[in-house]
Amino acid sequence: MTRRITHWIDGKPFGGISERSADVYDPATGQVAAQVDLADTDTTDLAVAAAVSAAREWAQSSLSVRTRVLFKFRELLDSRKEDVAAAITAEHGKVLSDALGEVTRGLEVVEFACGAPHLLKGGFSENVSTKVDVYSIRQALGVVAVISPFNFPAMVPLWFVPIAIATGNAVVLKPSEKAPSASLLLAELWEEAGLPPGVFSVLHGDKVAVDRLLTHPRVAAVSFVGSTPIARYVYGTATAHGKRVQALGGAKNHMVVLPDADLDLAADAAVNAGFGSAGERCMAISALVVVDPVADDLIAKILERISTLRTGDGRRGTDMGPLVTKAHRDKVASYIAAGEEAGASLVVDGRDQEFDGDEGGFWLGPTLFDQVSPEMSIYTDEIFGPVLSVLRVRSYDDALDLVNANPYGNGTAIFTNDGGAARRFQNEVQVGMVGVNVPIPVPMAYYSFGGWKNSLFGDTHAHGTEGVSFFTRGKVVTSRWLDPGHGGLNLGFPQNT
Ligand code: NAD
């Protein structure tokens, strides 16, 4: 019988009233591995109701209690990270080492959240007026929803969940229905760490569940990560319903290579960032912008490296796994056909490569295009697959103009040995996360993650101090304790004396 993946509501598995379900695939075999429940409105309401009743008490629990749970969760996640990674590989397809890498990056956010007592400290001013003190506090929002994409089944939820919980909120996580199992392992670990029931729930589902969360009157805030059209929709709908929203969208990340760059370093970086996780990363490099005259040399070095890559089942020690679904694999393959048709030079074709895995897997090898121009769909669209496009430009200024004209602004990188050029780039580029000789500049947990332009809707980036601000509301208290010197009646605007 096919395995059934149920919700986790109020501290336990919940499989009661699900009417619909979706297939979950093992992308390395193409077989249906499980069926995941898809919540309807009633189930969504149940999850929110459980969160509402847990949120009040959790917000009132002491910082010491909350921090203890966080530390315990950190230890448990660290000790079970191989299991979480295996669950990711089984449903997403990324190779095991990469899956382990994402859990490790998620753990870093848990570690950051363990510092909640420090992060929540307010300010205090004594005697702002005679015998009057002012202090600021930050309080939890209540119930928050986290809606996450398929490509980081553990790391993306962990960008938000530990901080939301540490700051006293209850969370309903709606993970991607394509890779739902890792979130349930996280739920078990939270429970084992001593988190009270209802503070963290997992609600599986699709648009039906998302729409209810976006409009539910008791959901105070929404953290969303996914493609740009859905991010825009989520932002518009949830803000129209009075919610605080951060909606992180898609990307088209450029790596600029200046002629003085270390070309071996640049070639390694382009291959790692272009084909790692089969290009299914929001920080993947998909446009390689090479300033004359080094494109031929760089491409030769990239080709050498591609020839050593093994595509196959991520459990077999390969370099690159399959794509997440057949539909996605076919969509990426159709972009390769479109690139050829548009006149780009197809240097390596991922459609006819060998792979180390089951025939039925959703395979597509690394693909390299040269002579790509900005109007081609392989450049304009986020392909989200192992397709790297080389765009040749004449100067640094042309490279910068290209990056800045792109509607996305998630991540970018410059490769150069010229400190002045790198400094100019980090100053002039219209992108939220910038790497200098670093291809995937994902900020550490204590900085904040987020793009510009169509890569993020809302004001607040994920994790770091912006994450703490997002999940809390500020309050300022002005206080005077009883004193023999009462001020008496005064209808004027308060002034300090
Ligand atoms: P997606 O937009 O299809 O799905 C994201 C979430 O939205 C899922 O939970 C899904 O169930 C839900 N959803 C899908 N369609 C919906 C609809 N019509 N209405 C309401 N909810 C809907 O994204 P995906 O394919 O799972 O993930 C890949 C995308 O995520 C890429 O575009 C990638 O760039 C982006 N991403 C961005 C970041 C970032 O930090 N900016 C990080 C990871 C992934």
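Conventions adopted
Every chain begins its residue count from 1, and numbering advances along the sequence as written. Totals for whole chains, interfaces and linings use all residues, but because this is a predicted model, local features are given only for residues with pLDDT of at least 70 and pairs of side-chain atoms are given and counted only at 80 or more. Heavy atoms from the whole structure form the basis of all side-chain values; hydrogens and water molecules are not counted. The term salt bridge refers to a pairing of a side-chain nitrogen on Lys or Arg with a carboxyl oxygen on Asp or Glu at a separation within 4 Å. Secondary structure elements are defined from DSSP: runs of H or I of at least 4 residues count as helices, runs of E of at least 2 residues count as strands, and each element is numbered from the N terminus. In this analysis, axes come from line fits to C-alpha atoms, helices being fitted only over the stretch in contact, and the angle between any two N-to-C directions falls in the range 0 to 180 degrees. We call two residues contacting when some pair of their heavy atoms lies within 4.5 Å. Only Asp, Glu, Lys and Arg are considered charged in this grouping, and only Ala, Val, Leu, Ile, Met, Phe, Trp, Tyr, Cys and Pro are considered nonpolar; every other residue, Gly among them, is considered polar. Relative accessible area decides the class of each residue, using a 1.4 Å probe on protein chains only: under 20% of the type maximum gives buried, over 50% gives exposed, and in between gives partly exposed. What sets the label is the angle itself: under 35 degrees gives roughly parallel, over 145 gives roughly antiparallel, 65 to 115 gives roughly perpendicular, and the rest give oblique. We call a crossing left-handed when the near helix sits turned anticlockwise from the far one by less than a right angle, and right-handed when that turn is clockwise. By convention in this text, a residue qualifies as near a molecule or strand provided that one of its non-hydrogen atoms is within 4 Å of it. For this analysis, a polar contact is any N or O atom pair within 3.5 Å, provided that within protein one partner can donate a hydrogen and the other can accept it, and provided that sequence-adjacent residues contribute only side-chain to side-chain pairs. Accessibility throughout is a Shrake-Rupley quantity obtained with a 1.4 Å probe, and a residue counts as covered only by protein chains that appear here. For each structure, a 1 Å grid was placed over the protein atoms alone; sets of points admitting a 1.4 Å probe that cannot get out are labelled cavities, open sets with protein on both sides within 12 Å along at least five of seven lines are labelled pockets, and lining residues have an atom within 4 Å of a point. Molecules are considered to sit inside a cavity or pocket once more than half of their atoms lie within 2 Å of its grid points. Strand pairing requires that DSSP identify at least two bridges connecting the strands. A helix is expected to reach a length of 1.5 Å times the quantity of its residues less one. Each direction from the helix axis to a C-beta atom contributes to the arc, which is the arc of those directions. Residues enter patches when they are more than 30% accessible in relative terms and free of salt bridges; like-charged ones are connected within 9 Å and nonpolar ones (Val, Leu, Ile, Met, Phe, Trp, Tyr) within 5 Å.

(A) Summary view of the pattern of salt bridges. Scanning all chains against the criterion turns up 29 salt bridges. One salt bridge connects Lys-207 with Asp-211, and the closest N-O pair in it is separated by 3.0 Å. With Lys-207 and Asp-211 both in helix α8 (residues 207-215), this residue pair falls 4 residues apart, about one helical turn. The closest approach of N and O atoms between Arg-392 and Asp-296, which form a salt bridge, is 2.7 Å. You can see Arg-392 sitting in strand β17 (residues 387-393) and its partner Asp-296 sitting in helix α11 (residues 295-306), a full 96 residues away along the chain. Connected through shared salt-bridge partners, Arg-74, Glu-75, Asp-78, Lys-81 and Glu-111 make up one network.

(B) Quick peek at the packing of helix α2 (residues 63-79) against helix α3 (residues 81-92). Between α2 and α3, whose axes approach to 4 Å, the crossing angle comes to 60 degrees. Counting all contacts with α2, which are made through Leu-77, Asp-78 and Ser-79, the residues of α3 involved are Lys-81, Glu-82 and Val-84. Across the contact of α2 with α3, the residue classes tally to 2 nonpolar, 1 polar and 3 charged.

(C) Geometry of unusual backbone geometry. For the peptide bond that leads from Asp-292 to Pro-293, omega is 5 degrees, which places it in the cis range. We note that Asp-10 has phi near 60 degrees; this positive angle belongs to a residue other than glycine. Residue placement: Asp-10 occurs in the loop between β2 (7-9) and β3 (12-14). Relative accessible area serves as the criterion here: at 33%, Asp-10 is assigned to the partly exposed category. In the Ramachandran plot, His-463 falls in the positive-phi region, its phi being about 45 degrees despite a non-glycine side chain. Note that His-463 resides in the loop between β22 (456-457) and α16 (464-470).

(D) Representation of the packing of α3 against helix α7 (residues 181-192) in the model. At a minimum axis separation of 8 Å, α3 and α7 run at an interaxial angle of 160 degrees. Classified by the angle their axes make, α3 and α7 are roughly antiparallel. Here α3 runs over α7; the crossing is right-handed. Across the interface between the two elements, Asp-83, Val-84, Ala-87, Ile-88 and Glu-91 of α3 pack against Ser-181, Ala-182 and Leu-185 of α7. In the contact of α3 with α7, the residues fall into 5 nonpolar, 1 polar and 2 charged.

(E) Summary view of the site of the ligand. Contacts to the ligand come from 27 residues, most closely from Lys-174, Glu-177, Ser-227, Gly-249 and Glu-382. At a separation of 3.0 Å, an oxygen atom of the ligand approaches a polar backbone atom of Phe-150. In this structure, an oxygen atom belonging to the ligand sits 2.7 Å away from a side-chain N or O atom of Glu-177. When the ligand is considered free in solution it has 840 Å² of accessible area, and contact with the protein chains removes 88% of it. Here the ligand occupies the largest pocket. Among the secondary structure elements, those contributing two or more residues to the shell around the ligand are α8 and β11 (219-225). Tallied by class, the residues present in the shell around the ligand amount to 14 nonpolar, 9 polar and 4 charged.

(F) Layout of the sheet that holds strand β16 (residues 367-370). Spatially, β15-β16-β17-β14-β13-β19-β20 is the arrangement adopted by the 7 strands of the open sheet, whose pairing is mixed. The sheet is open, and its two borders are formed by β15 (345-348) and β20 (433-436), each paired with just one other strand. Each neighbouring strand pair of the sheet contributes to a mean axis angle of 20 degrees, computed without reference to strand direction.

(G) Representation of the side chain of His-216 within the structure. Residue position: His-216 is located in the loop between α8 and β11. Within the structure, His-216 has its side chain in polar contact with the backbone nitrogen of Arg-218 (distance 2.9 Å). Residues within four places of His-216 in sequence aside, it is in contact with Asp-45, Val-48 and Lys-243.

(H) Quick look at α11. With 12 residues, α11 ought to run about 16 Å at 1.5 Å a step, and its terminal C-alpha atoms sit 16 Å apart, in line with that. Three or more residues of α11 are buried, namely Ala-295, Leu-298, Ile-299, Ile-302, Arg-305 and Ile-306. Buried residues in α11, looked at end-on, bunch into an arc of 120 degrees, giving them a common side. In α11, the exposed positions angled more than 90 degrees off the buried face are occupied by Asp-296 and Glu-304. If you follow the buried residues of α11, they end up packed against β13 (253-257), α10 (263-275), β14 (285-291), β15, β16 and β17.

(I) Here's a closer look at a nonpolar patch on the surface. Taken together, the side chains of Met-444, Tyr-446 and Tyr-447 define a hydrophobic patch exposed on the protein surface, amounting to about 350 Å² of accessible area. Following the sequence through the fold, Tyr-446 ends up in the loop between β20 and β21 (452-453).

(J) Region of interest: the sheet that holds strand β6 (residues 124-129). Strand order in the open sheet formed by 3 strands is β6-β7-β23, and the pairing between neighbours is antiparallel. Edge positions in the sheet fall to β6 and β23 (472-480), since each of these pairs with one other strand and no more. Strand-to-strand twist across the sheet, computed as the mean angle between neighbouring axes with direction ignored, equals 30 degrees. When strand β7 (residues 132-140) meets β23, the two strands line up antiparallel, connected through 9 bridges. By the bridge assignment, Val-134 is partnered in β23 with Thr-478.

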